[in-house]
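One letter stands for each residue in the lines below.
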Amino acid sequence: MKVNGTPTRTIWLAEDGRTVEIIDQTRLPHHYEIAQLATLDDACRAIKDMLVRGAPLIGATAAHGLALAMREDASDAGLAAAYDRLFATRPTAVNLRWALDDLRGRLAPLPPEQRPGAALARAVAICDEDVALNAAIGEAGLGVFRALWEQKGKPERFNVLTHCNAGWLATVDWGTALAPIYKAHDAGIPVHVWVDETRPRNQGASLTAWELNQHGVPHTVIVDNAGGHLMQHGQVDVCIVGTDRTTATGDVCNKIGTYLKALAARDNEVPFYVALPSPTIDWTVRDGVAEIPIEDRGAGEVCRLWGRLESGETAWITVTPQGSPAANPAFDVTPARLVSGLVTERGVCAASAEGLAGLFPEQAAAA
Ligand code: MRU
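Since the model is a prediction, treat every value here as computed from it, not as a measurement.

When you look at the packing of helix α2 (residues 55-72) against helix α3 (residues 76-87) in this model, what are you seeing that I'm missing?
Each pair of packed helices can be described by the angle between their axes along with the distance between the axes. Closest axis-to-axis distance for the α2/α3 pair is 10 Å, and the angle between their directions is 145 degrees. In this structure, α2 crosses over α3, and the sense of that crossing is right-handed. Residues Ala62, Gly65, Leu66, Ala69 and Glu72 of α2 lie in contact with α3, whose contacting residues are Gly78, Ala82, Tyr83 and Leu86. Split by residue class, the contact of α2 with α3 holds 6 nonpolar, 2 polar and 1 charged.

See below:
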């Protein structure tokens, strides 16, 4: 996608062919800054502190992190230690494990001197593959949106509600949930997006709104609790969100608050879709509520807000009284029964074991 008219990805190799560059997402929307990752430490910090975030981008950054680590120590011990450090950065998005397993599986049989080059080549390939997967998700989702828009008699405004940021900033390019929105907008469907602000970190208000602005997609930011009201009043035609981990049975783990949107959507007969590339499917898990580890990001993000002051400077402010404890579970699980369909790079399927196995028979059989 483009930033101020210039085609841009979220992660790329610098001109020296060694350093990795990323958009520092902790600074958006008020500052657009590029950060350099030159070491394994840099990559771990970027994921943990959320300079990069979103399941596919976490996986892509981990792949580059392992490649940076191979330049520092390509021994078996170095590979194992780098895997463990990257794996410990964030617990919920399964793309992290997927990318690390992919690289380790390819690197382990190689002699150490071949590992740095092989790791870098695979990290670059994972990034390119992510772009292709998301573009395909966009096409599949465009079909869903077009059918719903036509069923409704082609209204002048087709209202889509999304939660968190599952746009190109959450991936290498295109995004998952936002890819169909970009494709529909470009195809002339009059999309308007309700953007949940997504407290506590405001990925919707800060990142999704910024992306949609950059691409000229009409949108309105709403507080997290507004979605149910809008659905009751017929102002939401479809919901679409991303996911950090989807089980083999179609349960969807995504940013905290997704579950409540799915409940409201079901009560109001609004279709609720989830967009995901196949590396986000965890074929080893069947019960999302019981088995998926939910990140606890601590009280600080709930008690404090970052934003721009009237003076133009950016600053943190505290919104809670001193002494009030806060809790911050970062994700929740929406049971498969509340999901109208999964939009993948291979098309749309039911959120069920049968639906996923139908689209990905080889992966289901291997699990
Ligand atoms: O905590 P974050 O910002 O990494 O959470 C991101 C989300 O929950 C996204 O919706 C999810 O990763 C899907 S991204 C394509």
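Alright, that's what it looks like, and here's the rest.
Even after reading the chapter, I still don't get the sheet that holds strand β13 (residues 281-282), so can you show me in this structure?
In a beta sheet, neighbouring strands are held together by backbone hydrogen bonds and run either parallel or antiparallel to one another. Pairing in this open sheet of 4 strands is mixed, and the strands run β13-β10-β11-β16 from one edge to the other. Pairing within the sheet leaves two strands with one partner each, and these edge strands are β13 and β16 (331-334). Across 2 bridges, the pairing between strand β10 (residues 245-247) and strand β11 (residues 252-255) is antiparallel. When the sheet's bridge partners are listed, Thr246 is paired in β11 with Val252.

Got a minute to help me understand the UniProt feature "binding site: substrate" (unreviewed entry) in the protein chain in this structure?
UniProt's entry tags Arg53, Gly54, Ala55, Arg90, Gln203, Asn254 and Lys255 with the feature "binding site: substrate" (unreviewed entry), counted in the numbering of this structure. Residue placement: Ala55 occurs in helix α2. With sequence-adjacent residues up to four places away left out, Ala55 is seen in contact with Ala93, Asn95, Asp244 and Thr280. Mapped onto the elements of the fold, Lys255 is located in strand β11.

How should the sheet that holds strand β6 (residues 158-162) be read in this particular structure?
One open sheet holds the 7 strands; their spatial order is β8-β7-β6-β9-β12-β17-β18, and the pairing between them is mixed. Only two strands of the sheet have a single neighbouring strand rather than two, namely β8 (219-222) and β18 (347-349). Geometrically, the sheet is characterised by an average inter-axis angle of 25 degrees between neighbouring strands, direction not taken into account. Across 3 bridges, the pairing between strand β12 (residues 272-275) and strand β17 (residues 341-344) is parallel. Its bridge partner lying in β17, Tyr273 is registered against Gly341. Set on the sheet, helix α7 (residues 203-215) makes contact with β6, β7 (191-196) and β8; between it and β7 the angle comes to about 160 degrees.

I'm lost on the environment of His163 in this one. Help?
With respect to the helices, strands and loops of the structure, His163 is situated in the loop between β6 and α6 (178-186). Sequence separation between His163 and Trp283 is 120 residues, and the spatial gap between their C-alpha atoms is 25 Å. Those residues within four positions of His163 in sequence are excluded, and the remaining contacts are Asp196, Thr198, Gly204, Val241, Lys255, Gly257, Thr258 and Lys261.

In this structure, what is going on with the nonpolar core? I would like to understand it.
If you look at soluble globular proteins, the nonpolar side chains tend to sit buried side by side. Leu66, Cys239 and Ala275 are the most contacted members of the largest nonpolar core, which has 103 residues in total. Once you skip the residues sitting within four places of it in the chain, Cys239 turns out to touch Leu161, Lys261, Ala265, Val270, Phe272 and Tyr273.

The rules behind these values
Residues numbered from 1 in each chain as written. Predicted model: local features only at pLDDT ≥ 70, side-chain atom pairs only at ≥ 80, totals over all residues. Axes fitted to C-alpha atoms, helices over the stretch in contact; angles between N-to-C directions. Helix = DSSP H or I, 4+ residues; strand = E, 2+ residues; numbered from the N terminus. Left-handed = near helix turned anticlockwise from the far one by under 90°. Contact = placed C-beta atoms within 7 Å. Nonpolar A, V, L, I, M, F, W, Y, C, P; charged D, E, K, R; others polar. Pairing = 2+ DSSP bridges. UniProt positions renumbered as here; feature names shortened; annotations may be inferred. Core = buried A, V, L, I, M, F, W, Y, C linked by C-beta atoms within 7 Å. Buried ≥ 20, exposed ≤ 12 C-beta atoms within 10 Å, placed from the backbone.

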